[in-house]
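So you can see what is in the structure, the chains are spelled out below.
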Amino acid sequence: MDFRNELTRIVERYRAEVAGPYEHLALLRWQMTEGHALDRRDTFPGHLTTSAFVLSPDHAQVLLIDHVVIGRWLQPGGHWEEAAYFHLSAAREAIEETGVQGLILHPWHRGGDLPFTIDSHDVPGKPSRGEPAHIHHDLQYLFLADPALPLVAQVEEVHAAAWKPIEALAGIAPRALDRLSSLPKP
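Quick caveat: nothing in here was measured; it's all calculated off a predicted structure.

**A closer look at the packing of helix H1 (residues 3–17) against helix H2 (residues 26–33)**
1) Next: Between H1 and H2, the least distance of the axes is 11 Å, while the angle of their chain directions is 150°. Classified by the angle between their axes, H1 and H2 sit roughly antiparallel to one another. The interaxial crossing formed by H1 with H2 has left-handed handedness. When H1 is examined against H2, the residues Leu7, Thr8, Val11 and Arg15 are found in contact with a partner set consisting of Leu28, Arg29 and Met32.
2) Next: For the contact of H1 with H2, the class distribution of residues is four nonpolar, one polar and two charged.

**So, the packing of aromatic side chains**
1) Next: If you walk through the whole model with that rule in mind, you get four aromatic pairs.
2) Next: Both rings, one in tryptophan 80 and one in phenylalanine 86, keep their centres 6.0 Å apart while their planes meet at 50°; by these two values the pair is tilted.
3) Next: Under the relative-accessibility criterion, tryptophan 80 is labelled buried at 7%.
4) Next: Aromatic rings pair up to connect Phe3, Trp80 and Phe86 into one cluster.

**Quick word on the environment of leucine 48**
1) Next: With respect to the helices and strands, leucine 48 occurs in strand E1 (residues 46–55).
2) Next: In this structure, the C-alpha to C-alpha distance between leucine 48 and histidine 109, residues 61 residues apart in sequence, is 20 Å.
3) Next: In this structure leucine 48 touches Phe3, Leu7, Leu38, His79, Trp80, Phe86, His137 and Leu139, once residues within four positions along its chain are discounted.

**Digging into the nonpolar core**
Buried together is how nonpolar side chains tend to be arranged in soluble globular proteins.
1) Next: Residues Leu7, Val54, Phe86 and Leu169 are the most contacted members of the largest nonpolar core, which totals 43 residues.
2) Next: Those elements that provide at least two residues to this core are H1, H2, E1, strand E2 (61–67), helix H3 (86–98), strand E7 (134–144) and helix H4 (174–181).

**Re unusual backbone geometry**
In terms of backbone geometry, most residues other than glycine have negative phi values and most peptide bonds are trans.
1) Next: In this model, phenylalanine 44 is joined to proline 45 through a cis peptide bond whose omega is 20°.
2) Next: Here proline 45 is to be found in the loop between H2 and E1.
3) Next: Of note in this structure, leucine 25 is not a glycine but carries a positive phi near 55°.
4) Next: Its place among the elements puts leucine 25 in the loop between H1 and H2.
5) Next: Residue classification places leucine 25 among the buried residues on the basis of a relative accessible area of 11%.
6) Next: In this structure, histidine 59 takes a positive phi of about 65° despite not being glycine.
7) Next: Checked against the element boundaries, histidine 59 lands in the loop between E1 and E2.

**Focus: a nonpolar patch on the surface**
1) Next: Side chains of Met1, Tyr85 and Leu88 sit close together on the surface and give an oily, nonpolar patch of about 270 Å² of accessible area.
2) Next: Along the chain, the position of leucine 88 falls in helix H3.

Reading the values: rules and limits
- Residues numbered from 1 in each chain as written.
- Predicted model: local features only at pLDDT ≥ 70, side-chain atom pairs only at ≥ 80, totals over all residues.
- Heavy atoms only, no water.
- Axes fitted to C-alpha atoms, helices over the stretch in contact; angles between N-to-C directions.
- Helix = DSSP H or I, 4+ residues; strand = E, 2+ residues; numbered from the N terminus.
- Parallel < 35°, antiparallel > 145°, perpendicular 65-115°, else oblique.
- Left-handed = near helix turned anticlockwise from the far one by under 90°.
- Contact = heavy atoms within 4.5 Å.
- Nonpolar A, V, L, I, M, F, W, Y, C, P; charged D, E, K, R; others polar.
- Phe/Tyr/Trp six-rings, centres within 6.5 Å; stacked < 30°, edge-to-face > 60°.
- Buried < 20%, exposed > 50% of the residue type's maximum accessible area, 1.4 Å probe, protein only.
- Core = buried A, V, L, I, M, F, W, Y, C linked by side-chain atoms within 4.5 Å.
- Patch = residues over 30% accessible without salt bridge, like charges linked within 9 Å, V, L, I, M, F, W, Y side chains within 5 Å.
- Areas by Shrake-Rupley, 256 points an atom, 1.4 Å probe, with all protein chains shown as cover.
- Salt bridge = Lys/Arg side-chain N within 4 Å of Asp/Glu carboxyl O.

In structure tokens, the structure reads:
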């Protein structure tokens, strides 16, 4: 994958086809224009991450992790690592952190790499790594999986992985929850 060209392509497409009227992605776009190495976690003020909203087939539940560093329930995700597509980076994080089985890209994506949401948010630094507080530009993708299958939390990064009611996203990812509510019910 040509990281910079693909990122530019999907951010432009996201802004044209998905973004709401107040989703300017100004810092992300500025960093892209300036040529920042967004694929490197030591790029500041921000760099790229990917995450997965893993839904039950009926969209009633979402798979969340109790994140060790952040100290709260979030969707699985992490720093972008080399992958043929951005959504595959998100899928890999979900599988690594939760052990989720049978993960499939949600039909909303029509087999493509267009993010469901792009969220730039503040994250605390890691003084042990000399890492200041910074921004994660998170490309967020939808997946489906069977909540009846067992999960195995990656204890180095998460305290637990569990299926929660979809409404749990209200305090975590309100934009994604709003968009999910507009999807046709399966």
